[in-house]
Amino acid sequence: MKNEKIIVAIDGFSSTGKSSFAKQIAQKLSYIYVDTGAMYRAVTLYCIEKNLIKDCELNVDKIIENLTNMKINFIFNTNTGKSETFLNGENVEDKIRKVEISNHVSAISAIPEVRTQLVALQQEMGKNKGIVMDGRDIGTVVFPNAELKIFMTAEPKIRAMRRYNELLEKDNNVTFEEIEKNICERDYIDTHRDTSPLKKADDAIILDNSHISIEEQMQWFEKIFNSVIE
Ligand code: DC
């Protein structure tokens, strides 16, 4: 299996660094990277812009009706070396990272019809393997047969601090308390929703990165990856 491409599925709690880790792995292996959280965020942005969310009330029927009007795709930006999210032809990479989106995305991603549509798209993206995909249900629902599954976790306070530092660069109006609250709420909604709740796949390997560096994390991955492809 040494030369065969595999699927690397990365799931875990919010702000555990899944995307950065997945990106780093994809680069190392020359695999495609797909950030499925960005897809749920793009749906949320659409709903906000079309007034389908008002005062935290979702117009679920209208959201479902509009699903076919949302075209989500990724385009690799050769200048930044990053893959960017597009919604109906518009680059929404910055817009989808705002706190307002984070505040509504868990509710949007709990709608079963939203999940069905995005999971189908994700399965299509990974049909030729050679892909690193991160999210909440990749190892359990999207690719239950993925050759390598990682489940990421870290202490909530540490996650909140990491997210806070990251957001400060883009959005000065955030407080640490607001971020911590949002992380705890999202943990709760993501693990308690009826459809595809966040849970570790039985065959996933746990990575708790509360107290390890990015370099140590990558060394850990290389060992695991080599044992899987042998
Ligand atoms: O990874 P993220 O924080 O950008 O994800 C945003 C939200 O999307 C997260 O709160 C849960 C949801 N999500 C999901 O339900 N399933 C996925 N595969 C990815 C994300």
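Residues numbered from 1 in each chain as written. Predicted model: local features only at pLDDT ≥ 70, side-chain atom pairs only at ≥ 80, totals over all residues. Heavy atoms only, no water.

Colleague: It is not clear to me how the packing of aromatic side chains should be interpreted in this structure. Could you clarify?
Modeller: Note on aromatic pairs: each is described by the distance of the centres and the angle between the planes. Under the definition given, this model contains four aromatic pairs. With a centroid separation of 5.9 Å and 80° between ring planes, the pair formed by Phe13 and Phe151 is classed as edge-to-face. Separated by 138 residues along the polypeptide, Phe13 in the loop between β1 (7-12) and α1 (18-29) and Phe151 in strand β9 (residues 148-153) bring together distant segments of the chain. Comparing Phe13 with Phe151 shows no difference in burial state: the two are buried. (Phe/Tyr/Trp six-rings, centres within 6.5 Å; stacked < 30°, edge-to-face > 60°. Helix = DSSP H or I, 4+ residues; strand = E, 2+ residues; numbered from the N terminus. Buried < 20%, exposed > 50% of the residue type's maximum accessible area, 1.4 Å probe, protein only.)

Colleague: Any chance you could explain the nonpolar core here in plain terms?
Modeller: Soluble, globular proteins show a tendency: their nonpolar side chains are buried together. Within the largest apolar cluster, 35 residues are counted, with the highest numbers of intra-cluster contacts made by Val43, Cys47, Ile108 and Val114. For this core, the secondary structure elements donating two or more residues are β1, α2 (36-49), β5 (72-77), α4 (99-109), α5 (112-125), β8 (131-135) and α6 (138-142). Sorting elements by how many residues they give to this core places α2 first, with nine residues. Apart from the residues lying within four places of it in its own chain, the contact partners of Val43 are Met70, Ile72, Ile108, Val114 and Leu118. Formed by 20 residues, the second largest nonpolar core is a distinct cluster that contains Phe21, Ile150, Met152 and Phe225. (Core = buried A, V, L, I, M, F, W, Y, C linked by side-chain atoms within 4.5 Å. Contact = heavy atoms within 4.5 Å.)

Colleague: Can you help me understand the pairing of strand β6 (residues 82-87) in this one?
Modeller: The side chains of a regular strand alternate, first on one face of the sheet and then on the other. Bridge analysis of β5 against β6 gives six bridges, and the strand direction is antiparallel. Its bridge partner being in β6, Ile72 is matched across the sheet by Leu87. A loop of four residues connects β5 with β6, the two strands running antiparallel in sequence, and Gly81 in this loop sits at a positive phi of about 70°. Bridging between β6 and strand β7 (residues 90-91) involves two bridges; their strand directions are antiparallel. In the sheet register, Leu87 faces β7, and the bridge partner there is Glu90. Hairpin connection of β6 to β7: two residues between the antiparallel strands, including Asn88 at a positive phi of 45°. (Pairing = 2+ DSSP bridges.)

Colleague: Even after reading the chapter, I still don't get the environment of Glu230, so can you show me in this structure?
Modeller: With respect to the helices and strands, Glu230 occurs in the segment after α9 (214-229). Expressed as a C-alpha distance, the spacing of Glu230 and Glu166, which sit 64 residues apart in the sequence, is 37 Å.

Colleague: In this structure, what is going on with a positive patch on the surface? I would like to understand it.
Modeller: Taken together, the side chains of Lys23, Lys82, Lys98 and Lys170 present a region of like positive charge at the surface. With respect to the helices and strands, the residue Lys170 is situated in the loop between α7 (156-168) and α8 (176-192). (Patch = residues over 30% accessible without salt bridge, like charges linked within 9 Å, V, L, I, M, F, W, Y side chains within 5 Å. Areas by Shrake-Rupley, 256 points an atom, 1.4 Å probe, with all protein chains shown as cover. Salt bridge = Lys/Arg side-chain N within 4 Å of Asp/Glu carboxyl O. Lys, Arg positive; Asp, Glu negative; His and termini not counted. Charge placed at Lys NZ, Arg CZ, Asp CG, Glu CD.)

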